[in-house]
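A look at the structure
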Number of protein chains: 2
Amino acid sequence: MRLLTAALLCLPVLAAQAETPSTLLSPELKAQAASLQAALATDDTAYHLVESLTTEVGARVAGSEADARAVAWAEKHFKQLGFDKVTLEPVRFPVWRRGDIRISVLGDSPQSLHAIALGWSKSTPEAGLSAEVVAFDDLDALSAASPEQLQGKIAYVSARMEKRRNGGDYGRRVAARSSGAEIAASKGAVALLIRSIGTDSDRLPHTGMGIWLGGIKPGTPASDRAMVLSNGERVALTAVPAAALSNPDADQLSRLLKLQPKLKLHYQLAGQYVGEYTSHNVVGEITGSTKPEEIIVVGGHLDSWDVGTGAIDDGAGVAITAAAVAAIKKQGLRPARTLRVVAFANEEQGVWGGKAYARAHAAELANHVGAAESDFGAGRIYRIDAGVPAKDWPLVQEIQAALDPLNIELGGQDAGGGADLSGMRDAGVPMFELLQDGTDYFDLHHTDNDTLDKIDPAALRQNVQAYATFLWLLGNAPQRVQTNFVPTPTP
Amino acid sequence: MRLLTAALLCLPVLAAQAETPSTLLSPELKAQAASLQAALATDDTAYHLVESLTTEVGARVAGSEADARAVAWAEKHFKQLGFDKVTLEPVRFPVWRRGDIRISVLGDSPQSLHAIALGWSKSTPEAGLSAEVVAFDDLDALSAASPEQLQGKIAYVSARMEKRRNGGDYGRRVAARSSGAEIAASKGAVALLIRSIGTDSDRLPHTGMGIWLGGIKPGTPASDRAMVLSNGERVALTAVPAAALSNPDADQLSRLLKLQPKLKLHYQLAGQYVGEYTSHNVVGEITGSTKPEEIIVVGGHLDSWDVGTGAIDDGAGVAITAAAVAAIKKQGLRPARTLRVVAFANEEQGVWGGKAYARAHAAELANHVGAAESDFGAGRIYRIDAGVPAKDWPLVQEIQAALDPLNIELGGQDAGGGADLSGMRDAGVPMFELLQDGTDYFDLHHTDNDTLDKIDPAALRQNVQAYATFLWLLGNAPQRVQTNFVPTPTP
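Residues numbered from 1 in each chain as written. Chains lettered and ligands numbered in written order. Predicted model: local features only at pLDDT ≥ 70, side-chain atom pairs only at ≥ 80, totals over all residues. Heavy atoms only, no water.

Some points on the interface of chain A and chain B
Contacts between chain A and chain B engage 32 residues on the former and 32 residues on the latter. Roughly 2,300 Å² is buried in total at the junction of chain A and chain B, and carbon and sulfur atoms are behind 46% of that figure. The largest contributions to the chain A side of the interface with chain B come from A:Thr55, A:Arg203 and A:Arg255, which together make up 24% of the buried area. If you look at where chain A meets chain B, you find 0 salt bridges. (Contact = heavy atoms within 4.5 Å. Buried area = accessible area lost by both parts, 1.4 Å probe. Salt bridge = Lys/Arg side-chain N within 4 Å of Asp/Glu carboxyl O.)

Structure, rendered in structure tokens:
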């Protein structure tokens with residue numbers, strides 16, 4: 001390999017590359033990364049994994065019978081992928097179940113609207129409730145409303161999320177879903193209704209958590225909405241029933257409200273805690289040859305919502321990262337560091353798997369020298385970001401150079417990592433993000449439409465090529481990325 | 001106008017036009033058509049109509065309370081549009097209602113599938129049925145199956161419809177929906193399941209009639225599926241319960257069947273006749289000035305399926321044709337012939353409105369000198385076809401020349417007209433078709449997704465321009481198109 005590379009360096013077309021000589025990663029390492037990319041250009045292992053998971057297990061909401069089938073699936077397939085170790089690590093959490101929902105327009109234009117309960121919504125009275133709707137352009141407007149406006153009413157937030165490659169509008173809009181019920185309840189509203197946090201035009205509403213886990217503070221008086229877990233932790237249902245309309249139904253309701261400002265809805269939904277459940281993070285690894293104690297973690301989450309089959313959220317992430325780690329061993333390569341893939345349990349309802357991992361591995365997090373989660377669909381990766389100390393940025397630049405043939409650009413220095421990595425990030429583990437094109441992600445996110453047919457096998461291959469490249473180079477870089485790194489807060 | 005045209009004819013750039021002088025339609029008529037097009041280029045009357053219908057009435061399945069609201073809506077809006085006459089003509093038909101449906105996979109990969117009952121499906125036993133699935137690539141394969149293969153099984157037809165501008169693949173695929181149950185039953189199957197006759201990838205299955213009205217012959221012994229109407233006509237439910245899976249669910253079932261060839265489903269649906277109902281065709285007209293007895297009919301159907309709000313099927317058709325007729329009067333023009341717009345009742349479940357119109361107007365059909373239905377969505381019109389005697393084709397050519405600025409080409413001589421016109425066609429009424437781009441039509445057809453947001457207001461305006469042009473020219477052409485025309489059968 002060295003001979004070949006030396007020969008290549010004599011060619012004038014490589015002058016630009018020669019001007020910024022790579023000093024951190026050996027030509028051999030980079031050649032091996034290129035070989036991995038070449039081998040993976042036609043390897044559909046990841047697609048077969050996500051096909052198998054979404055077909056044979058299907059939807060796998062946390063705490064369901066399918067949760068257990070998903071864990072068994074991951075254990076079996078991780079073993080088949082040839083990992084050196086496969087372990088199950090318990091993750092305990094409360095189980096919420098949705099029941100039926102019916103939301104319909106009363107008055108002169110009676111019709112039913114397509115809606116879905118938000119995660120952890122409380123129930124309406126069994127017969128439902130009938131109340132006037134008060135519409136707000138966005139959550140700020142709801143927050144600014146007076147209790148006089150909302151007492152006994154249904155609060156409706158009509159803001160529409162915009163489509164962006166990086167999903168950038170999600171952050172601006174999702175608080176309507178996660179805080180709207182609490183705010184509406186504080187003003188005396190009897191229920192919350194929001195336009196789906198989604199960018200499609202299908203009559204398939206988007207679910208997602210209706211309350212932040214931190215939303216109910218320790219010491220809050222017990223009530224019909226709170227549940228105390230066996231470990232003493234307290235969780236709570238939404239303060240009032242909370243649901244999302246599909247975009248076409250939100251359009252419809254907004255039009256009807258213009259015609260009939262005093263419009264009433266009948267609003268009926270069921271949702272409740274049904275107990276606690278122990279699921280598992282499924283952890284597979286290739287043990288490092290010379291620095292086995294230094295660990296790089298990649299992964300995705302194994303659970304899905306109960307509506308789609310969790311192809312893009314997040315079967316793809318599990319499949320991409322597992323296939324990438326496995327490919328390294330399959331190609332006869334052995335990394336210096338340990339490469340670990342985690343299929344996290346129950347991300348959707350509060351990052352329970354991610355938190356459990358950080359707790360269980362607290363003692364070794366100082367030796368976690370990098371982590372990246374794939375949890376933004378199955379679109380092509382277009383950029384690498386990293387959250388590392390400045391002294392380690394040149395290594396990121398060299399890794400990006402190896403990703404460049406995959407059309408992956410160098411990005412920013414403020415990578416936050418995925419949701420399941422938050423515990424690791426807080427412990428100072430260096431974060432990496434391989435950013436996927438998420439233009440269509442929020443068309444499908446948390447809806448029935450999250451199914452296998454939405455995945456482009458070619459894009460999935462590119463993802464695996466990128467992760468394998470990243471893992472191989474970070475897993476063998478002579479330089480160890482500094483841990484216990486506290487990123488500069490974003491201004 | 002004549003002076004202007006004479007002046008224009010002197011210009012050399014118009015030489016081509018001068019070479020094929022228009023002899024049938026006066027320059028004045030054509031100038032008026034051009035003025036109509038200009039005025040309608042910015043006129044959103046049709047959009048406001050379909051917005052109002054789909055918002056205020058919503059879904060309006062035949063025989064529902066919304067059917068009556070739709071008729072009242074049409075009567076009111078036709079009057080507001082300034083028609084000289086608005087009449088309601090009774091249309092009586094049986095009423096079928098769907099109940100709940102649950103289709104789920106049994107065995108090692110338990111999961112529910114998104115399905116919808118086909119129109120006029122009979123019920124399963126109340127607790128549902130559980131049976132093995134036997135898959136067929138298409139209806140021909142099902143037709144060729146032996147009773148041994150199907151006895152006690154669920155017949156599943158997996159053929160996928162292809163996307164075409166003219167919807168051309170619908171004809172090839174729809175028989176699985178309309179005849180599949182009968183064929184499956186004849187071989188001892190206990191239920192029919194088909195892939196939706198649709199071209200999308202949404203988990204919103206497509207409904208549509210599961211039986212042709214002619215499917216049960218007079219003299220067939222009475223059974224639990226037949227109902228005798230008050231006029232003595234006999235109708236029947238499907239021979240076995242019949243449902244359609246969404247495309248992603250059909251993909252899923254096909255994948256599961258490859259893994260588990262003996263796969264069983266639990267299959268439960270409800271559907272029944274709930275009586276008879278009298279709805280109405282709503283007929284509006286501008287009475288002709290000099291030849292009022294000669295009638296040109298346009299229209300669409302007022303009913304929708306029960307799932308979407310019937311924006312493209314067929315609120316758009318009613319709106320386009322009503323707006324086009326109204327625009328002529330609004331522009332201060334008066335046609336020689338009577339222009340009539342019909343909002344037909346209950347097209348979806350057997351063309352009851354179209355047949356009732358042909359019966360009620362049998363005596364004057366010889367004076368119906370042209371008919372066109374808009375029932376293929378809201379896409380731009382790209383072509384005009386006509387079913388007229390050869391001697392009248394030059395008139396069609398001249399009408400097309402006036403449509404050419406709207407990017408509408410001359411088409412074929414075998415226009416069949418829309419479904420609601422079949423009775424008129426059989427009586428020899430000349431048929432016209434303004435063909436719409438239906439590339440996306442079968443993404444939405446008969447699904448929850450048939451909603452207002454799918455309509456492009458600009459495309460709708462082009463439709464109205466085209467219909468107004470067509471109506472004005474045919475309504476004033478000196479030559480009367482020959483009626484009692486028997487088209488040459490398509491080979």
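The structure having been displayed, the exposition proceeds.
Some words on the domain arrangement of chain A
Residue and element names in this part refer to chain A. For chain A, the domain assignment lists domain 1 (20-84 + 287-476) and domain 2 (95-275). Look at where the C-alpha atoms of domain 1 and domain 2 centre, and you get two points 33 Å apart. At the interface, 27 residues of domain 1 touch 29 residues of domain 2. Counting the surface lost from both domain 1 and domain 2, the interface buries some 2,100 Å², and carbon and sulfur atoms represent 57% of this. Taken as a group, Gln-349, Trp-352 and Phe-442 account for 27% of the area that domain 1 buries against domain 2, more than any other trio of residues on that side. On inspection of domain 1 and its partner domain 2, the count reaches 3 salt bridges. The partner of Asp-440 in a salt bridge is Lys-163, and the shortest N-O contact between them spans 3.3 Å. Summed over the shared surface of domain 1 and domain 2, the number is 12 residue pairs in polar contact (both at pLDDT 80 or more). At the level of elements, helix H12 (352-360) and helix H15 (441-444) are the ones that each hand at least two residues to the side of domain 1 that touches domain 2. (Domains from an automatic or database assignment. Polar contact = N/O pair within 3.5 Å; in protein donor to acceptor, adjacent residues only side chain to side chain. Helix = DSSP H or I, 4+ residues; strand = E, 2+ residues; numbered from the N terminus.)

Quick notes on empty space enclosed by the protein
Scanning the entire structure with this criterion turns up 6 cavities of 30 Å³ or more. Estimated volume of the largest cavity: approximately 70 Å³. As for the largest cavity, its lining consists of 13 residues, of which A:Thr309, A:Thr451, B:Pro248, B:Gln252 and B:Arg255 are closest to the centre. The element contributing the most residues to the lining of the largest cavity is helix H10 (residues 247-259) of chain B, with 5 residues. Along the lines of polarity and charge, the residues of the lining of the largest cavity split into 3 nonpolar, 5 polar and 5 charged. (1 Å grid on protein atoms, 1.4 Å probe; cavity = no way out; pocket = protein on both sides within 12 Å on 5 of 7 lines; lining within 4 Å. Points joined across faces, edges and corners; volume = space filled by probe spheres on them. Nonpolar A, V, L, I, M, F, W, Y, C, P; charged D, E, K, R; others polar.)

Brief notes about helix H5 (residues 65-80) of chain B
Residues and elements named next belong to chain B. Taking 1.5 Å per residue as the helical rise, H5 with its 16 residues ought to reach 22 Å, and the 23 Å between its terminal C-alpha atoms agrees with that figure. Of the positions making up H5, those classed as buried are Ala-66, Asp-67, Arg-69, Ala-70, Val-71, Trp-73, Ala-74, His-77 and Phe-78. On the buried face of H5, the contacting elements are helix H4 (45-57), strand S1 (85-105), strand S10 (264-286), helix H11 (311-330) and strand S12 (337-344). Taken from the residues just after H5, Gly-82 is the one with a positive phi, measuring 90 degrees. (Expected span 1.5 Å × (residues − 1). Buried < 20%, exposed > 50% of the residue type's maximum accessible area, 1.4 Å probe, protein only.)

Details of the relation of the copies chain A and chain B
The two copies are related by a screw motion: chain A maps onto chain B through a turn of 180 degrees and a shift of 0.0 Å along the axis, at an RMSD of 0.0 Å. Look at the turn and shift together and you get a two-fold axis relating the two. Of the residues that chain A buries at the interface, 100% are likewise interface residues in chain B, meaning the two copies contact each other through the same surface. (Least-squares fit on C-alpha atoms with pLDDT ≥ 70 in both.)

Describing the packing of aromatic side chains
As enumerated under the stated definition, the model contains 18 aromatic pairs over all chains in all. Taking the centre distance of 4.5 Å and the plane angle of 20 degrees together, the rings of A:Tyr170 and A:Phe442 count as stacked. Separated by 272 residues along the polypeptide, A:Tyr170 in helix H8 (residues 170-173) and A:Phe442 in helix H15 bring together distant segments of the chain. What makes A:Phe442 buried here is its relative accessible area of 4%. Consider the rings of B:Trp120 and B:Tyr273, whose centres lie 5.4 Å apart with planes at 80 degrees: the pair is edge-to-face. Here B:Trp120 is found in the loop between strand S3 (115-117) and strand S4 (129-136), whereas its partner B:Tyr273 is found in strand S10, with 153 residues between them in sequence. Pairwise contacts between aromatic rings join A:Tyr170, A:Phe376, A:Tyr441 and A:Phe442 into one cluster. Across from the ring centre of A:Tyr382, 3.5 Å away, lies the NZ or CZ of A:Arg165, which sits over that ring. (Phe/Tyr/Trp six-rings, centres within 6.5 Å; stacked < 30°, edge-to-face > 60°. Lys NZ or Arg CZ within 6 Å of the ring centre and 35° of its normal.)

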